[in-house]
Amino acid sequence: MSVYPDSIRLYRLNVLAWEEITHYVIQEIELEWGFGENNPATRIADIGWMKFKLNNTGGEFNNLDKNFIRLVITYDGDEYVRFYGQVTDIKLIPSIKKLKVVEVTVSDWLDQLTRVPLNKIKDSTKRLNLIYRTGKRSDEVVQYILNTAFIPPQNTRIQPGINTFPAIFDTLSDSTYGYSELSKVALSELGYLYLRKDRVFGETLVFENMRGGVTDETPIPVQKSLSGKLSLEDGDFLLLEEGDFFLLNEAQSFLLDNTMTDIVLEYGDFFNQVTFKAYPKRVDTSPTVLFSLENPQKIASGETLTLRGSYKNAQSGTRITGKEMLQPEATTDYMMNSKADGTGTNLTSYLSVTAEYGTSEVIFTLKNNSSGTGYITKLNCRGYGIYAYDPVESIAEDTLSTQRYGYKSLQIDQPYQVNLDYGNLYAPSLLYEYKNPAIELKEVSFIANLNTQLMLAGLSLDIGDVIRIKNTQAGIDRPYRLQKVSVKIKPGGIMVIRWVVKVVHSLMLIPLLFQGAGYKQGVNFGYLPHTVNLNQKSWNVWVNLSSLSSPNAIMNIFNDEAGSSLRIQNDGKIRFYEKGESWPGVWTSNTSVSLNSWHMITVTRNGGTPADKPKIYLDGYEVAITEEVTQIGNLKDMTGCITMLGNIKTATVDYSFETDGSITDARIYNRVLSPAEILTLYNAGIGGEVVKEGLVFHAPFVMDVETYGYPWKGVVFDRIYRIAGIYHEVNPLFGGGL
């Protein structure tokens, strides 16, 4: 049965009140927002827009420019704000049925970031957000940029960044806009930034860190007539003061199942060579001259002179940026003389100088307070120069794909990154996903009026949400992320919706059973910065050993200089080893594991000093431990240590600590789990979807071959960051999904 919105209303903000202008609308309303491209290098959404035509015969909309507009659709008694923004364009169009008509374009909040370069923002308080800083997370950088906006977004949802950048705002120039700077932040974090058309606030700016914001498919509301009513223990319904039922705010899963009016299948983005680019920098260790006046400047008595200068490398003359600029000092930084060659009377004491510093330039304001004409013969600014080295690149490629299809490259610039740690980690994962051309679902279109579920989905789902789409004829049944939303609202309340979508591989992973049974086997995830140097940590893993004669190195973050290792000794006792600055610490359980049985092993440690003893748990309960070797010194810096399952690989150890048995559901947390949480993990069993807070590593996982039709390629994934682990002589010995 066809369904229709209760109402579709268009409002403009007239002074301080919302004024409805729906009755002036002619023909249809169109709106669109989301990401312009579907490839991994597109990390910030395009500016969203809404277009409509208004009857302007009476001249009511002659001054509509920059007015705020919102579109509100009511269905099933609930209001959904589907667009909110400012008028950015008005066009007079040929008359329609003798009516004077204007075509109006409304842009969403992202347009705010394209109007004024950051360095040209006049509000000095807002400009303070853009000073050079060190050691800031990506979310903090995003917030600094948002603080410069003339009008902030109505609402924000910003995830804490995973990456901490050594330096920020050191490359701002006169042509740097907030939009482009946010794009740099998102690329450097490998996160996403976009606007959702929030049903409550009108808009919500979302920043997702590199882990992403979606962990499951997104539900939609339940129609109120089908929703439950809140009841008391005696069975009577709880009523509101006005006598209505207290309805539960329920949700339901949504499947777009063969109800599309159109689908677009085409070859998706594919590439077999991935280049990550980072930008290392050097900073002066002491103040140096970053700008110096080259030619004397004449200044009349009482005259105020403004001079602008760019910071430069004294050796090469190239432009640089600076930080911690010093206030100008007479004689040291500036001088005024009665003659241009620097001779004559020294008038420096009559010269007042103020300096306004940016990241790459200085603006001097000088006033001659003497009774005669003077010449500025010296004018310097001093501070700490920031020098950009040549970019460094990491190039990964799939040889088989390049031989078969030729080279198809993708480059990801990370301007805030000074090293390639995460670029090196993500390149194999991207190659696995994109190295072969394949027909993929790109777009789906549907008429929301066909049924209630489609109407609720069209009104409630937005960019970043994940839905399952099924089309029998095309053989599609997978989870997809919404990348772009387009809506046409036709006369009579007909709503045609088009979604641009992208398959979500992270929701197509199933747990894998690693079965070690011989020499040199293991899964190598490389250096994972987010698993090392944790002041608090918990390791949790399920094991089923076949023999105790092997070294049985179950979980390891290790190199020759530092690291941590969880092993099972030949007596069945659990052994935890961590390297201190002068001597390692070794702790063993007083309880042994049994062979040919599944056991859950947990190790927690709060701190890294010798006094911070670890705790060991077996099958959900803490066991007594013995300190075999006392750690001397705090834990050594683990930067560069390799995360591995089932073995150890260093410069001197070549996969010689193999495991004889099975490993699965290995987890690392960046906090200490409580005894209750550990018991919850054990009771949930292998792969239990519980205790997710602080989880930074969860492996091994593979693509669900039978469900999604992806061929097994021997690639293993960490589920949290979707980083590919490289198997080492273990491919034939992997078990199936659990």
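None of these values were measured; they are calculated from a predicted model.

Engineer: Which residues make up the sheet that holds strand E17 (residues 273–278), and what values go with them?
Structural biologist: Here we have three strands laid out as an open sheet, ordered E27-E17-E28, and mixed in their pairing. Strands at the two margins of the open sheet, each flanked by one partner only, are strand E27 (392–397) and strand E28 (409–414). Ignoring which end each strand starts from, the neighbouring axes of this sheet average 15° apart. Of the strand pairs in this sheet, E17 and E27 are connected by six bridges, and their pairing is antiparallel. What sits directly across from Thr275, in E27, is Ile395.

Engineer: Got a sec to walk through the pattern of salt bridges? Specific residues and values, please.
Structural biologist: Per the counting criterion, the structure on display carries 36 salt bridges. Between Glu266 and Lys442 there is a salt bridge; the shortest N-O distance is 3.2 Å. On the criterion of sequence distance, the pair formed by Glu266 in strand E16 (residues 262–267) and Lys442 in strand E29 (residues 439–447) is long-range, its members being 176 residues apart. Lys442 sits in the partly exposed class, given a relative accessible area of 31%. With a shortest N-O distance of 3.7 Å, Lys636 and Glu561 are connected by a salt bridge. With Lys636 in the loop between strand E43 (625–629) and strand E44 (642–645) and Glu561 in the loop between strand E36 (553–558) and strand E37 (563–568), this pair connects stretches of sequence that are 75 residues apart. Exposure remark for Lys636: the relative accessible area of 25% places this residue in the partly exposed category.

Engineer: A description of unusual backbone geometry should follow, citing residues and the corresponding values.
Structural biologist: Going from Ala699 to Pro700, the amide bond is cis rather than trans, its omega being -5°. With respect to the secondary-structure elements, Pro700 resides in the loop between strand E46 (695–699) and strand E47 (701–703). Not every positive phi belongs to a glycine, and Gln27 is a case in point at roughly 65°. Along the chain, Gln27 turns up in strand E3 (residues 25–34). In this model, Asn552 sits at a positive phi of 50°, which is unusual for a non-glycine residue. Inspection of the secondary structure assignment puts Asn552 in the loop between strand E35 (536–545) and E36.

Engineer: Which residues make up the pairing of strand E21 (residues 304–310), and what values go with them?
Structural biologist: Residues of E21 alternate between two faces, with Leu305, Leu307 and Gly309 buried on one and Thr304, Thr306, Arg308 and Ser310 left unburied on the opposite face. In this sheet, strand E25 (residues 361–368) lies alongside E21 in antiparallel orientation, the contact comprising seven bridges. Opposite Ser310, over in E25, you have Glu361 as the bridge partner.

Engineer: Would you mind going over the nonpolar core in detail, with residue names and values included?
Structural biologist: Within the largest apolar cluster, 88 residues are counted, with the highest numbers of intra-cluster contacts made by Met50 and Trp499. Ranked by residue count, the leading element in this core is strand E31 (residues 476–490), at six residues. One finds Leu190, Leu545, Ile554 and Trp587 within the second-largest nonpolar core, a separate group that totals 69 residues.

Engineer: Give a description of the pairing of strand E2 (residues 17–20) that names residues and reports values.
Structural biologist: As paired strands, strand E1 (residues 7–14) and E2 are joined by four bridges and run antiparallel to one another. Looking at E2, one finds that Arg12 is bridged to Glu19.

Engineer: Let's hear about the packing of aromatic side chains: which residues, and what values?
Structural biologist: A full pass over the atoms with the stated rule returns 19 aromatic pairs. Both rings, one in Tyr24 and one in Phe61, keep their centres 4.9 Å apart while their planes meet at 85°; by these two values the pair is edge-to-face. Of this pair, Tyr24 sits in the loop between E2 and E3 while Phe61 sits in the loop between strand E4 (46–55) and strand E5 (68–75), placing them 37 residues apart in sequence. We note that Tyr24, like Phe61, is buried. Plain terms: the ring middles of Tyr144 and Phe169 are 6.4 Å apart, the flat faces sit at 70° to each other, and that makes the pair edge-to-face. Residue Tyr144 is found in helix H2 (residues 138–146), and its partner Phe169 is found in the loop between strand E10 (164–165) and helix H3 (178–189); the two are separated by 25 residues along the sequence. Phe169 matches Tyr144 in its accessibility class, with the two residues each being buried.

Engineer: Which residues make up H3, and what values do they have?
Structural biologist: The end-to-end C-alpha distance of H3 is 16 Å, a good match for the 16 Å that twelve residues give at a rise of 1.5 Å each. Most of H3 sits inside the fold, with ten of its twelve residues counted as buried. Those residues of H3 that sit buried are Gly178, Tyr179, Glu181, Leu182, Ser183, Val185, Ala186, Leu187, Ser188 and Glu189. Lining the buried residues of H3 we find E4, H2, E10, strand E11 (192–196), strand E12 (204–208) and E28. Leu190 sits one or two positions beyond H3 and adopts a positive phi of about 60°.

Engineer: Can you explain empty space enclosed by the protein? Please cite residues and give values.
Structural biologist: Applying the stated criterion to the full structure yields four cavities of 30 Å³ or more. Size it by volume and the largest cavity reaches roughly 580 Å³. Lining the largest cavity are 30 residues, with Tyr192, Glu433, Lys502, Ser506 and Arg722 sitting closest to its centre. Looking at the lining of the largest cavity element by element, the count peaks at six residues for helix H5 (residues 421–434). The class makeup of the residues in the lining of the largest cavity is 16 nonpolar, seven polar and seven charged. In this structure, the second largest cavity occupies an estimated 70 Å³ of space.

Cut-off values and rules
- Residues numbered from 1 in each chain as written.
- Predicted model: local features only at pLDDT ≥ 70, side-chain atom pairs only at ≥ 80, totals over all residues.
- Heavy atoms only, no water.
- Pairing = 2+ DSSP bridges.
- Helix = DSSP H or I, 4+ residues; strand = E, 2+ residues; numbered from the N terminus.
- Axes fitted to C-alpha atoms, helices over the stretch in contact; angles between N-to-C directions.
- Salt bridge = Lys/Arg side-chain N within 4 Å of Asp/Glu carboxyl O.
- Buried < 20%, exposed > 50% of the residue type's maximum accessible area, 1.4 Å probe, protein only.
- Core = buried A, V, L, I, M, F, W, Y, C linked by side-chain atoms within 4.5 Å.
- Phe/Tyr/Trp six-rings, centres within 6.5 Å; stacked < 30°, edge-to-face > 60°.
- Expected span 1.5 Å × (residues − 1).
- Contact = heavy atoms within 4.5 Å.
- 1 Å grid on protein atoms, 1.4 Å probe; cavity = no way out; pocket = protein on both sides within 12 Å on 5 of 7 lines; lining within 4 Å.
- Points joined across faces, edges and corners; volume = space filled by probe spheres on them.
- Nonpolar A, V, L, I, M, F, W, Y, C, P; charged D, E, K, R; others polar.

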